[in-house]
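Listed here are the chains, written in short residue letters.
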Amino acid sequence: MWGTSFLLIKIAARLFDPFGFALARVGVASAALLIAGSLTGGVWPGRRPGLWGKLIALSLFGQVVPFLLLGKAAQMTTSADMALMMGASPIFVFLAARFVRSGDRWTLLAALGLALGFAGVGLALWSPTTPTAIAAHPAEGRALALLAAFCYAMSTLLSGAATREIGAVKAVAASMTLSTLALAAIDAAFGARPSLATILAAPPGPILAMVALGVFNTALGYFAYFRLVASEGPTFASLNNYIVPLIGVMGGALALGEPVALAAWAGLALVLTGVALTGRSLRAAR
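Definitions and cut-offs
- Residues numbered from 1 in each chain as written.
- Predicted model: local features only at pLDDT ≥ 70, side-chain atom pairs only at ≥ 80, totals over all residues.
- Heavy atoms only, no water.
- Helix = DSSP H or I, 4+ residues; strand = E, 2+ residues; numbered from the N terminus.
- Buried < 20%, exposed > 50% of the residue type's maximum accessible area, 1.4 Å probe, protein only.
- Contact = heavy atoms within 4.5 Å.
- Areas by Shrake-Rupley, 256 points an atom, 1.4 Å probe, with all protein chains shown as cover.
- Axes fitted to C-alpha atoms, helices over the stretch in contact; angles between N-to-C directions.
- Parallel < 35°, antiparallel > 145°, perpendicular 65-115°, else oblique.
- Left-handed = near helix turned anticlockwise from the far one by under 90°.
- Nonpolar A, V, L, I, M, F, W, Y, C, P; charged D, E, K, R; others polar.
- Expected span 1.5 Å × (residues − 1).
- Bend = angle between axes of the 7 residues up to and from the residue.
- Phe/Tyr/Trp six-rings, centres within 6.5 Å; stacked < 30°, edge-to-face > 60°.
- Lys NZ or Arg CZ within 6 Å of the ring centre and 35° of its normal.
- Salt bridge = Lys/Arg side-chain N within 4 Å of Asp/Glu carboxyl O.

Trainee: Run through the overall build of the protein chain, naming residues and quoting values.
Mentor: Helix and strand counts for the protein chain stand at 13 helices and 0 strands. For the protein chain, the N- to C-terminal ordering of α and β elements is α-α-α-α-α-α-α-α-α-α-α-α-α. For the protein chain, the C-alpha atoms occupy an extent of roughly 60 × 50 × 30 Å along the three principal directions. The buried share among the 286 residues of the protein chain stands at 51%. In the protein chain, the proportion of contacts linking residues at least 24 apart, taken out of those at least 6 apart, comes to 88%. Total accessible area on the protein chain is roughly 12,400 Å²; 73% of this is exposed by carbon and sulfur atoms.

What follows is the structure in structure tokens.
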């Protein structure tokens with residue numbers, strides 16, 4: 001689901017500015033989660049000490065900031081470029097986990113795999129690309145997507161505690177609702193609100209892409225991810241971001257005809273080698 005997110009982001013960005021994109025994405029996801037939660041036992045997370053602080057931090061690092069960054073990146077570079085940058089998330093988790101009790105056990109093989117994956121992301125980041133109509137500022141767009149990957153990594157470390165405390169449905173629904181409120185305020189202050197006539201005249205593609213992005217890639221995707229973090233640990237869960245580039249690059253190339261530089265393909269090969277080594281090491285350690 002997260003691999004196809006960047007294809008949908010690129011399509012939705014044709015209609016939404018970065019502020020409207022982020023708000024629409026969390027708004028759709030929040031509505032879907034609140035409806036699902038109300039049908040399965042409620043979504044109110046309670047008032048446990050420190051819980052709301054965790055949820056606010058999770059909202060900021062997991063949704064508000066990265067969604068804004070990706071909304072802007074989609075206007076500057078290709079969906080394949082954005083997907084490739086997500087491969088850096090596991091190494092960020094690995095480095096940050098040195099300072100928290102993540103529960104993961106590490107070997108030299110795991111470290112080697114993460115290093116190869118990060119080298120692949122670096123190669124993709126600096127691969128030469130000629131600016132085009134669909135990627136006017138590729139280097140800047142990749143940098144924004146890489147910063148979003150860092151935010152996702154921090155949210156991975158934050159999500160485990162909240163999920164174990166109140167469950168995945170409540171943790172995701174609460175953080176998405178907080179994100180919706182925050183982004184509504186930001187959009188009201190800085191966003192460019194289209195007229196009703198513009199919305200009605202808009203092609204269905206971007207709107208359908210946003211609905212799919214909100215319901216499946218965000219609401220359902222975050223629910224599955226939070227469950228995975230709670231059960232398997234943050235580093236193993238974050239390894240999905242080494243598979244995201246493969247799906248994202250193929251999706252952008254096949255659906256949108258996006259060009260992919262030879263250096264980016266080489267970087268992708270390193271990323272996939274890294275995830276194979278790291279995944280094998282972590283599974284063996286368990």
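Further notes follow.
Trainee: Go over the packing of helix H3 (residues 51–73) against helix H8 (residues 168–190), please, and point to the residues and values.
Mentor: Here H3 crosses H8 at 60°, and the two axes come no closer than 8 Å. With respect to H8, the axis of H3 lies oblique. Of the two elements, H3 crosses H8, and the hand of that crossing is right-handed. Between H3 and H8, the residues in contact are Trp52, Leu55, Ile56, Leu58, Ser59, Gln63, Val64 and Leu68 and Ala171, Ala174, Ser175, Met176, Leu178, Ser179, Ala182, Leu183 and Ile186, respectively. Considering only residue class, the contact of H3 with H8 consists of 13 nonpolar, 4 polar and no charged.

Trainee: Mind laying out the packing of H3 against helix H10 (residues 204–232), listing which residues take part and the relevant values?
Mentor: Closest axis-to-axis distance for the H3/H10 pair is 14 Å, and the angle between their directions is 140°. By the angle between their directions, the pair H3 and H10 is classed as oblique. For H3 against H10, the interelement crossing comes out right-handed. When H3 is examined against H10, the residues Leu58, Gly62, Gln63 and Phe67 are found in contact with a partner set consisting of Thr218, Tyr222 and Phe226. In terms of residue class, the contact of H3 with H10 is made up of 4 nonpolar, 3 polar and no charged.

Trainee: Got a sec to walk through helix H7 (residues 138–166)? Specific residues and values, please.
Mentor: With 29 residues, H7 should reach 42 Å at 1.5 Å per residue; the first-to-last C-alpha distance of 40 Å fits that figure. Of all the bends in H7, the greatest measures close to 30° and is centred on Leu158. Of the residues trailing H7, Gly167 is marked for its positive phi of about 95°.

Trainee: Residue-level account of the packing of aromatic side chains, with values.
Mentor: Under the counting rule described, the total for this entry stands at 8 aromatic pairs. With 5.4 Å between their ring centres and 85° between their planes, Phe92 and Phe150 make a pair best called edge-to-face. Of the two residues, Phe92 sits in helix H5 (residues 89–97) while Phe150 sits in helix H7, which places them 58 residues apart along the sequence. Clustering of aromatic rings is evident, with ring pairs tying together Trp2, Phe67, Tyr152, Tyr222, Tyr225 and Phe226. Across the ring face of Phe67, the terminal group of Arg25 is positioned such that the distance to the ring centre comes to 3.9 Å.

Trainee: Can you break down the side chain of Ser30 residue by residue, with the values?
Mentor: Structurally, Ser30 is set in helix H2 (residues 18–39). Note on Ser30: relative accessible area 5%, which makes it buried. Here Ser30 is in contact with Met176, Thr177 and Thr180, once residues within four sequence places are set aside.

Trainee: Go over the pattern of salt bridges with me, naming the residues and quoting the values.
Mentor: Side chains bearing opposite charge may pair, as long as their charged atoms lie close to each other. Evaluated as defined, the whole model comprises 2 salt bridges. Between Lys54 and Glu165 there is a salt bridge; the shortest N-O distance is 3.2 Å. Placement of Lys54 in helix H3 and of Glu165 in helix H7 is noted, with a sequence separation of 111 residues between them. The exposure class assigned to Lys54 is partly exposed, which follows from its relative accessible area of 30%. Note on Glu165: relative accessible area 27%, which makes it partly exposed. Among the ionic pairs, Arg142 bridges to Asp81, the shortest N-O distance being 3.1 Å. Taken together, the residues span a long stretch of sequence, with Arg142 in helix H7 and Asp81 in helix H4 (residues 79–85) at a distance of 61 residues.

Trainee: Give a detailed account of H10, specifying residues and quantitative values.
Mentor: For H10, spanning 29 residues, the distance from its first C-alpha to its last is 39 Å, which sits close to the expected 42 Å at 1.5 Å a residue. For H10, the principal kink sits at Leu213 and spans about 35°. Residue Gly233 follows H10 closely and has a positive phi angle near 100°.

Trainee: I'd like to hear about the environment of Gly20, residue by residue, with values.
Mentor: Structurally, Gly20 can be placed in helix H2. Residue classification places Gly20 among the buried residues on the basis of a relative accessible area of 13%. Spatially, the C-alpha atom of Gly20 lies 9.4 Å from that of Ile186, the residues being 166 residues apart in sequence.

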